[in-house]
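If you want the building blocks of each chain, they are given just below.
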Amino acid sequence: MLERIGVTSIEDLYEDAPKNLFNQKFDLPDNKSELEVVEHLTKLSKKNKSASDAAFFLGAGCYRHFIPAAVDHIIQRAEFLTSYTPYQPEISQGTLTVIFEYQSLICSLTGMEVSNASLYDGATALVEAVLMAKRINKKKQKIVVANDLNPQYYNILQTYLQDEEIATSVEIDNICAIIVQSPDYYGTPHNIKKYRDICDAKGAMLIVVNTEIISYGLLPAPKEADIVVGEAQSLGVAMNFGGPHLGFFACKEKYVRQMPGRICGLTKDIDGNEGFVLTLNAREQHIRRQKATSNICSNQGLNMVAFTIHLALLGRNGLRKLARLNHHLASKLHQQLSKNSKIKVINKYFFNEFVIELPIAADIFLKKMLAKNIM
């Protein structure tokens, strides 16, 4: 193989990597038993402070919510844990059923007509939405980021687009799509209808992003949007040091042929029995990749199952109660902090997170809080 590609050694394959990365010696003990290795790694792990070890107030796109024990128990069943792509419906009914339920739940939450069977994460789901909008609205060029979008999402958007394609003002022409995050990066919900009116006037598509899907238990579904995407990690999926997570993607039915990923549908077999199959799955993603709607093939199937189980356990009323609890507790904190003359609370409106301005540097404040066991 080396000869075929024109190199003489394995090392030649890494000639562009910095030389100081090679031949490093690691201080690792030799000949340890399994028990000793576990004890050693346990000591190392104690250098980390887990989210469950403190009062936890981190957010901004990755959230710590309680996950019922039933979620982990069910996803560890073999038909879920080892199943990835259900090409053969006759032996994949369990996974296909969950996918169908997941799609139904996402459509119910977002107010959209169709959902795919999940994507890699919220940030790449946004990119997929933008690329889809550009396929549909070919004569328009500009993508407008209309409000405070998660900066990680913005950075990944920049990776896929040229800088001149991204704008921040709706007061321009040639707009392909407008992106609105609600609640935004700082926690403020937004009036989606206002942006719908702008899109209609400009001939643009409206993309709504949500990184805290529990908010749909309290806030209205963004039915005015053309595409709704975001991060579904809040339900059933642990933070996992930032991933893997679960990107959701839903849109109006008329755009379904341009939607990335796959869709599961309900059908009947020759005997009239109901069953589930993949009803839309672009073959280009497996063969002619240059013609694919998407080349990001990781759909986070197991996290999708976890999300579906958690939301099914909650039910409609349970989700509303959870959303109200989130908002209620955040409101109590908001009220208390507002009484402190040294702290300025930035948000007037919020779902379950808001931003404060402090009289001291943030890094000093964070260290002081950590000393009091508050993250």
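Residues numbered from 1 in each chain as written. Predicted model: local features only at pLDDT ≥ 70, side-chain atom pairs only at ≥ 80, totals over all residues. Heavy atoms only, no water.

The next thing to look at is the environment of Ala361. You can see Ala361 is positioned in the loop between strand S11 (356-357) and helix H10 (362-371). On the basis of relative accessibility, which here comes to 39%, the residue Ala361 falls in the partly exposed class. A sequence separation of 92 residues divides Ala361 from Asp269, and the C-alpha atoms of the two residues are 65 Å apart. (Helix = DSSP H or I, 4+ residues; strand = E, 2+ residues; numbered from the N terminus. Buried < 20%, exposed > 50% of the residue type's maximum accessible area, 1.4 Å probe, protein only.)

Attention shifts here to the packing of aromatic side chains. Enumeration over the complete set of coordinates arrives at 5 aromatic pairs. Seen in terms of ring centroids, Tyr185 and Tyr186 are 5.2 Å apart; in terms of plane orientation they differ by 70°. Their pairing is edge-to-face. When its relative accessible area of 37% is taken as the criterion, Tyr186 is described as partly exposed. (Phe/Tyr/Trp six-rings, centres within 6.5 Å; stacked < 30°, edge-to-face > 60°.)

Put simply, helix H5 (residues 93-110) and helix H9 (residues 301-338) touch, their axes get as near as 10 Å, and they point 50° apart. Between H5 and H9, the crossing angle belongs to the class labelled oblique. Here H5 runs over H9; the crossing is left-handed. Touching Val98, Ile99, Glu101, Tyr102, Leu105, Ile106, Ser108 and Leu109 of H5 are Met304, Val305, Phe307, Thr308, Leu311, Arg316 and Leu319, all from H9. In terms of residue class, the contact of H5 with H9 is made up of 11 nonpolar, 2 polar and 2 charged. (Axes fitted to C-alpha atoms, helices over the stretch in contact; angles between N-to-C directions. Parallel < 35°, antiparallel > 145°, perpendicular 65-115°, else oblique. Left-handed = near helix turned anticlockwise from the far one by under 90°. Contact = heavy atoms within 4.5 Å. Nonpolar A, V, L, I, M, F, W, Y, C, P; charged D, E, K, R; others polar.)

If you look at the biggest cluster of nonpolar residues, it comprises 45 residues, and the most contacted ones within it are Ile178, Leu206, Ile213, Leu235 and Phe307. Tallying contributions element by element places H9 first for this core, with 9 residues. In this structure Ile213 touches Ile106, Leu109, Glu231, Ala232, Ser234, Leu235, Phe248 and Phe307, once residues within four positions along its chain are discounted. Core analysis: the next-biggest nonpolar cluster, separate from the first, contains 32 residues, Leu149, Tyr153, Leu161 and Ile263 among them. (Core = buried A, V, L, I, M, F, W, Y, C linked by side-chain atoms within 4.5 Å.)

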